[in-house]
Every structure is written in C-alpha cells, then in structure tokens.
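# An overview of the molecular structure
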Amino acid sequence: MAFIERIQDDLKEAMKSQDELRLSVLRMVKSALKYKEIEKVRPLEDAESLQVLQTLLKQRRESVEQFTKGGRMDLADKETKEIAILETYMPAGASDADMNTAIEGAIADTGANSSKAMGAVIKAAKVRLEGKTVDGKALSDRVRERLSKLG
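The present account deals with the structure reproduced in this document. (Residues numbered from 1 in each chain as written. Predicted model: local features only at pLDDT ≥ 70, side-chain atom pairs only at ≥ 80, totals over all residues. Heavy atoms only, no water.)

### Section: the layout of surface pockets
Sizing a probe to match a water molecule and rolling it over the atoms shows the empty space that remains. Let me state the cut-off plainly: With a 1 Å grid spanning the protein atoms alone, the term cavity applies to any set of points in which a 1.4 Å probe fits but cannot get out, the term pocket to an open set with protein on both sides within 12 Å along at least five of seven lines, and the term lining residue to any residue with an atom within 4 Å of a point. Grid points are joined across faces, edges and corners, and a volume is the space filled by probe spheres set on the points. Put simply, DSSP H or I for four residues or longer makes a helix, DSSP E for two residues or longer makes a strand, and each gets a number counted from the N terminus. Residues are grouped as follows: Ala, Val, Leu, Ile, Met, Phe, Trp, Tyr, Cys and Pro are nonpolar; Asp, Glu, Lys and Arg are charged; all remaining types, including Gly, are polar.
Taken as a whole, the largest pocket spans an internal volume of roughly 1,000 Å³. Around the largest pocket sit 26 residues that line it, and Gln-54, Thr-133, Val-134, Asp-135 and Gly-136 are the ones nearest its centre. Those elements giving two or more residues to the lining of the largest pocket turn out to be helix 3 (46-69), helix 6 (118-128) and helix 7 (136-150). Per-element accounting of the lining of the largest pocket gives the leading share, 12 residues, to helix 3. The class makeup of the residues in the lining of the largest pocket is eight nonpolar, six polar and 12 charged.

Encoded structure:
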C-alpha cells in the first residue's frame, strides 16, 4: 500500500472514531503530501513521502522548543502529541551502533581526515543509513566529533 493511501485510510478511521487531534494531524500530512505531489508533478515515492514527514516532525520539534522557551506549555503539549502521531508513520530509527558503523564506513569511503570533509562524510553516512529514520543534527554532531579526533 502506498504511503498516501495508508494516510487516507487512517484519516477515515480517525473520522469514524472522532479523534480530533489525529484527524487534524492526518489532514495536515495529507495536505503536505499532496502539495509535494503537485510540486513534483507526479505521484510521490515512499522515500519522498518520508522526507515530507521528517520535515513535518522537524517543524513540530522546533515549535515545541520555541513554545517551551516562551512559557506556552499548552501549545508545546499539543505539538508533542502531534509528534507522537507522526512518529507512528516513520520507519525504525537508526541505533547508536548503526550510526557509528555508518560514520566509520563513510570516513573510510571518503578518505576524510579533517573536519573539512564533514559534508561528504555526512552524505555518505546518510546513504548507508537509508531506510532508517536518522536525526540529521545528531548525525552531524557525531561526524563532527569523530572528525575532530582525526585531525
């Protein structure tokens, strides 16, 4: 089943069960996916759909951080609940061991020996971690730390 079809089916279920929060989150996801389809002028592949979902998750996490700083715990709680719903559609996250293995392999592949090669190492590591959910910031931090030890 295509990703957007799964969202549509879950949207119908949320309507039937009158789950307002889930319904609004799924409508937002469907809208974002449709917008991206229109932008690309073709149906999205599952990997592209997951990228859209990752963008939505990142936006929600940033919102939680801002609302918390601003003392708006009510809005931060709502965003946190939305994150929980969105995460149910994400593939399993990359473990620490997976990330470390991918980084080491990427360093070997690129021949990186200083922080100047950080972009290439991150790109190679993401290729190795394809199909898993990867926090870009965490990956970047680990690569920076690992490369700083090299040179």
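### A look at the side chain of Arg-60
Short version of the rule: Note on definitions: a residue-residue contact is assigned when non-hydrogen atoms from the two residues lie within 4.5 Å.
Within the secondary structure, Arg-60 is located in helix 3. Dropping the residues within four chain positions of it, Arg-60 is found in contact with Met-28, Glu-79, Glu-82, Ile-83 and Leu-86.

### Overview of the packing of helix 3 against helix 4 (residues 73-87)
Threshold: Think of each axis as a best-fit line through the C-alpha atoms, taken over the contacting stretch in the case of a helix, with angles from 0 to 180 degrees between the N-to-C directions. Roughly parallel refers to an angle under 35 degrees, roughly antiparallel to one over 145, roughly perpendicular to one between 65 and 115, and oblique to any angle outside these ranges. Definitions for this section: a left-handed crossing has its near helix turned counterclockwise from the far helix by less than a right angle. A right-handed crossing has that turn clockwise.
Packing of helix 3 against helix 4 brings their axes to within 8 Å, and their N-to-C directions diverge by 160°. Comparing the axis directions of helix 3 and helix 4 gives the class roughly antiparallel. For the pair helix 3 and helix 4, the sense of crossing is left-handed. Counted together, Leu-53, Leu-56, Leu-57, Arg-60, Arg-61, Ser-63, Val-64, Phe-67 and Thr-68 of helix 3 and Met-73, Leu-75, Ala-76, Glu-79, Thr-80, Glu-82, Ile-83, Leu-86 and Glu-87 of helix 4 form the full contact between these two elements. Residue composition of the contact of helix 3 with helix 4, by class: 10 nonpolar, three polar and five charged.

### Considering the pattern of salt bridges
Convention followed: When a carboxyl oxygen of Asp or Glu is within 4 Å of a side-chain nitrogen of Lys or Arg, the pair counts as a salt bridge. For every residue, the accessible area (1.4 Å probe, protein chains only) is compared with the maximum for its type, and the residue is labelled buried under 20%, exposed over 50%, or partly exposed between those bounds.
A full pass over the atoms with the stated rule returns 12 salt bridges. Ionic pairing is found between Glu-79 and Arg-60, a salt bridge with its closest N-O pair at 3.4 Å. Placement of Glu-79 in helix 4 and of Arg-60 in helix 3 is noted, with a sequence separation of 19 residues between them. Like Glu-79, the residue Arg-60 is buried in the burial classification. The closest approach of N and O atoms between Arg-61 and Glu-87, which form a salt bridge, is 2.6 Å. Separated by 26 residues along the polypeptide, Arg-61 in helix 3 and Glu-87 in helix 4 bring together distant segments of the chain. Overall, Arg-61 belongs to the partly exposed group, its relative accessible area being 41%. Here the salt bridges share partners, and the residues they tie into one network are Arg-60, Lys-78, Glu-79 and Glu-82.

### Comments concerning the packing of helix 5 (residues 96-110) against helix 6
Contact geometry for helix 5 and helix 6: axes closest at 8 Å, N-to-C directions at 125°. One element, helix 5, and the other, helix 6, form an angle in the oblique class. Considering only the axes of helix 5 and helix 6, their crossing is right-handed. Here Ala-102, Ile-103, Gly-105, Ala-106, Ile-107, Asp-109 and Thr-110 of helix 5 lie close against helix 6, whose contacting residues are Ala-120, Val-121, Ala-124, Ala-125 and Arg-128. Here the contact of helix 5 with helix 6 is composed, by residue class, of eight nonpolar, two polar and two charged.

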